[in-house]
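# Overview (structure and organization)
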Amino acid sequence: MSHPTPATGVLPHSGIREIVDLVLVDSRPIVRLEIGEPDFATPAHIVEAAVESARRGSSYVQAAGTPLLRSAAAASIERRYGFDAPASRVLISHGAVHAIDAVIRAMVSPGDAVLIPDPAWPNYEMQAILAGGRVDRYPLRAERDYIVDPGDIRRAITPETRVLVLNSPSNPTGSVAPPAVMAEIAEIARERDVLVLSDEVYDEIVFEGEPVSMASLIPEHAVSVFSVSKTYAMTGWRVGYSLVPEWLVDPVTRVLESSVACLSTVTQAAALAALTGDQTPVATMRNAYRERRDLALQLLTEAGIAVPRPGGAFYAMVPLHETSDARASALDLVERGVSTAPGTAFGFQAPHALRLSLATSTDAIRQGVGILTDWYRETSGGARDLAIHAAH
Ligand SMILES: Cc1ncc(COP(=O)(O)O)c(C=O)c1O
């Protein structure tokens, strides 16, 4: 009898999806703090560019992206970071998710290992499994505000490690690796001859200091992945771009060609307008995310909950009681009227934490965090031991 591959059988179901699916069929009003999606509308000039492109007509275009968009993405990287990013090394993909998948497919054979952060965005694990790779993890620790410790990476690399995934600013923690940490990781990658797959999709949402792009430090050993999704509030348009080493351009382009042939010309025109047009909306959105982070931290601190400080993206990790079950807590909170993502959805390192997505309005944050802090007080942070509840 026909059967699907064993890999599909062990692909984990997303712990975020479980909460989303519950909320979608719930008729009660629920404050949505579980999903990482900007609540801003795509700027009008971007939408107009897409409409114009659709009117002009459609055709198949290059698998690596249109030359115009590749040049615009290269120029945008140069403008933001000040280093030389040749358009010939820029590849356009169906969102950043597709670039990450294509690089893993181009690099990983059965028996190879992909080293990912823990906690991490769940897709890295899924993609490594589908490529036949082994998933190894390095911890991000709450006591370091989840900022990656290069020593943990050094210890976790093995002779089988082909790809080291780095994600700064991070989903789910919002942590941002400082320049010295990025430099040390670059050095480790060079020494151990490992490719760094540096997921930099939140690079335009950094609140303090400047982001560092791994591709600027070790161009022969790093892929830096970017996206228009979060930067321009364009999640549904599905355009990402990456700066890859010269030697990886052709292999990744072949994978892109095999999986999507090419990207929609309409969304490429929209991304072109985003990258070349007025950048004011980017700063406006960044300021709004900073305000939301500050508000959430203030409300949580006032409630006596010490939260690691996110330096970027739009997430915060709320620590729960050490006897808590994050999934049960998230389900309980849906009943109370606020949805969050359990730390268990992101690996093994945050079983007693909830991720809040702060990509929503300050009113929603005020209301949602209010429900959360009331619940937290009543349950002592989701403690499972009833004696602890009774003691408070
Ligand atoms: C860390 C991280 N990388 C990549 C992506 C995917 O981005 P895109 O929408 O460009 O595929 C996301 C989306 O949530 C993300 O959080």
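For clarity, every value in this text was computed on a predicted model and none was experimentally measured.

### Considerations on the overall build of the protein
Each helix and strand in the protein was counted, giving 16 helices and 12 strands. The C-alpha radius of gyration of the protein comes to 21 Å, within 12% of the 21 Å expected for a compact globule of 392 residues. Along the first, second and third principal axes, the C-alpha atoms of the protein reach 65 × 55 × 50 Å. A burial count over the protein gives 50% of its 392 residues as buried.

### Quick look at unusual backbone geometry
Of note, the amide linkage connecting Asp118 to Pro119 takes the cis form, showing an omega dihedral of 5°. A cis amide bond links Ser168 with the next residue in sequence, Pro169, at an omega value of -10°. Phi angles above zero are rare outside glycine, and Ala233 is one such case at about 55°. Along the chain, Ala233 falls in the loop between helix H10 (228–231) and strand S8 (240–243).

### Some words on the nonpolar core
In terms of nonpolar packing, the biggest core is built from 119 residues, with Val103, Leu164, Val196 and Ala270 touching the most fellow members. With 9 residues, the single largest contributor to this core is helix H5 (residues 95–107). Contact partners of Val196, with chain neighbours within four places excluded, come to Leu164, Leu166, Ile185, Ala189, Met214, Ile218, His221 and Ala222.

### Observations concerning the environment of Val307
Tracing the backbone shows Val307 in the loop between helix H13 (280–302) and strand S9 (315–319). For Val307, a count of 20 C-beta atoms within 10 Å translates into the label buried. In sequence terms Val307 and Val255 are 52 residues apart; their C-alpha atoms lie 41 Å from each other. Residues contacting Val307, with those up to four places away along its chain left out, are Leu297, Leu300, Ala316, Met317 and Val318.

### Focus on the site of the ligand
Taken together, 13 residues lie around the ligand, and Gly95, Ala96, Asn171, Ser227 and Ser229 are the ones closest in. The dominant element in the shell around the ligand, judged by the number of residues it contributes, is H5, at 3 residues. For the shell around the ligand, the per-class residue count stands at 4 nonpolar, 8 polar and 1 charged.

### Thoughts on the domain arrangement of the protein
Often, the extent of an interface is quoted as the loss of accessible area on bringing the components together. Here the protein is partitioned into domain 1 (6–41 + 281–391) and domain 2 (44–276). Its C-alpha centre places domain 1 at a distance of 26 Å from the equivalent point of domain 2. Contacts between domain 1 and domain 2 engage 37 residues on the former and 34 residues on the latter. Taken together, the elements giving at least two residues each to the side of domain 1 that touches domain 2 come down to helix H1 (6–10), H13 and S9. The element contributing the most residues to the side of domain 1 that touches domain 2 is H13, with 7 residues.

### Some details on the sheet that holds strand S12 (residues 353–357)
Think of a sheet as strands paired side by side through backbone hydrogen bonds, with each pair either parallel or antiparallel. Taken in spatial order, the 3 strands make up an open sheet running S9-S12-S11, and their pairing is antiparallel. Two strands in the sheet have a free side with no partner beyond their single neighbour: S9 and strand S11 (341–342). Sheet topology places S11 next to S12; 2 bridges connect them, and they run antiparallel. What sits directly across from Pro342, in S12, is Leu354.

The rules behind each value
- Residues numbered from 1 in each chain as written.
- Predicted model: local features only at pLDDT ≥ 70, side-chain atom pairs only at ≥ 80, totals over all residues.
- Helix = DSSP H or I, 4+ residues; strand = E, 2+ residues; numbered from the N terminus.
- Rg over C-alpha atoms; globule rule 2.2 N^0.38 Å.
- Buried ≥ 20, exposed ≤ 12 C-beta atoms within 10 Å, placed from the backbone.
- Core = buried A, V, L, I, M, F, W, Y, C linked by C-beta atoms within 7 Å.
- Contact = placed C-beta atoms within 7 Å.
- Near = placed C-beta within 6 Å.
- Nonpolar A, V, L, I, M, F, W, Y, C, P; charged D, E, K, R; others polar.
- Domains from an automatic or database assignment.
- Pairing = 2+ DSSP bridges.

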